[in-house]
Amino acid sequence: MAQRVLPEGRYSRQSRKQGSKWTRWALLAVAVAVGALVAFVGYRNLGTKPIEAKQTAFTILGDDRVQVSFEVSRDQPDRAAVCIIRARSKDGDEAGRREVLVPPGNALVVETTVLRTSKPPVTGEVFGCSYQVPAYLSTT
């Protein structure tokens, strides 16, 4: 049986090896870039937040009011913050909401507020906090 001979220069082994070498480097670069992107997104979403709040207590004051105490910890105590506090009714609906100004001060602050509700409340909670204080809450 005769051995098949390929045309010279058309199917060289050298060019196939060069192509696969560049392909490997390109794939490695893409993998590193994707890994860096995943790490950055994970850090932004799962890392420590600049301001956090948690409910410490709530007291039902009647069918139309609830008192909520909460603790705010922030990385920039020299900046004012706003926290949204809400009450929920037995069916899970939001029965009341209030924005509370947390003035500049300590890194850890305990606040208490009373919310008026549209339905009998069963709980009071902190919805979230931000450094973006609306102008109508600002003290300046």
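Everything below is about the structure printed above this text.
Note that the structure is predicted; figures quoted are calculated from it, not measured.

1. Quick word on the nonpolar core
Part 1 of the argument: Ranked by internal contacts, the top residues of the largest apolar core, which has 15 residues, are Phe70, Val72, Cys83, Ile85, Val102 and Leu115.
Part 2 of the argument: Elements represented by at least two residues in this core include exactly strand 2 (65-74), strand 3 (81-89), strand 4 (94-102) and strand 5 (108-116).
Part 3 of the argument: Ignoring anything within four residues of it in the chain, the contact list for Ile85 reads Val68, Phe70, Gly96, Arg97, Arg98, Val100, Thr113, Leu115, Glu125 and Val126.

2. Side note on the state of the cysteines
Part 1 of the argument: Counting across every chain of the model gives one disulfide.
Part 2 of the argument: With its sulfur 2.0 Å from that of its partner, Cys83 forms a disulfide with Cys129. Its torsion about the S-S bond being 110°, the disulfide of Cys83 and Cys129 is classed as right-handed. Linking Cys83 in strand 3 with Cys129 in strand 6 (residues 121-130), this pair joins segments that are 46 residues apart in sequence.

3. Observations regarding the sheet that holds strand 2
Part 1 of the argument: Across the sheet, three strands lie side by side as 1-2-5; this open sheet has antiparallel pairing. A single partner strand is all that each edge strand has here, and the edge strands are strand 1 (51-62) and strand 5. Adjacent strand axes in the sheet meet at a mean angle of 20°, parallel and antiparallel pairs treated alike.

4. Things to note about the packing of aromatic side chains
Part 1 of the argument: Taken as a whole, this structure holds zero aromatic pairs when the rule is applied.
Part 2 of the argument: Directly above the ring of Tyr131 sits Arg79, whose terminal nitrogen or CZ lies 4.4 Å from the centroid.
Part 3 of the argument: Here the basic side chain of Arg97 rests over the ring of Phe127, its NZ or CZ set 4.9 Å away from the ring centre.

5. A few points about the sheet that holds strand 6
Part 1 of the argument: Pairing in this open sheet of three strands is antiparallel, and the strands run 4-3-6 from one edge to the other. Edge positions in the sheet fall to strand 4 and strand 6, since each of these pairs with one other strand and no more. Ignoring strand direction, the axes of neighbouring strands in this sheet form an average angle of 20°.
Part 2 of the argument: Alignment of strand 3 against strand 4, held across eight bridges, turns out to be antiparallel. Bridge pairing in strand 4 places Ala81 opposite Val102.

Rules of the game
- Sequence order as written defines the numbering, with residues in each chain counted from 1.
- Restriction of local features to residues with pLDDT of at least 70 applies here, the model being predicted, together with a cutoff of 80 or more for giving and counting side-chain atom pairs; totals for whole chains, interfaces and linings are based on all residues.
- Think of the side-chain values as coming from all heavy atoms in the structure, minus any hydrogens and water.
- Here the nonpolar core consists of buried residues drawn from Ala, Val, Leu, Ile, Met, Phe, Trp, Tyr and Cys, with membership extended through side-chain atoms lying within 4.5 Å.
- Exposed residues in this analysis have more than 50% of their type's maximum accessible area, buried residues have under 20%, and partly exposed residues fall in between, with area computed by a 1.4 Å probe over protein chains only.
- Secondary structure elements are defined from DSSP: runs of H or I of at least 4 residues count as helices, runs of E of at least 2 residues count as strands, and each element is numbered from the N terminus.
- Contacts: residue pairs with any heavy atoms within 4.5 Å of one another.
- When the sulfur atoms of two cysteines come within 2.5 Å, that pair is taken as a disulfide.
- In this scheme, strands are said to pair when DSSP sees at least two bridges between them.
- Note on geometry: axes are C-alpha line fits, over the in-contact stretch for helices, and angles between N-to-C directions span 0 to 180 degrees.
- Working definition: rings of Phe, Tyr and Trp (its six-membered ring) pair if their centres are within 6.5 Å, and the pair is stacked with planes under 30 degrees apart, edge-to-face with planes over 60 apart, and tilted otherwise.
- Only Lys NZ and Arg CZ are tested; either one counts as a charge over a ring when it is within 6 Å of the ring centre and within 35 degrees of the ring normal.

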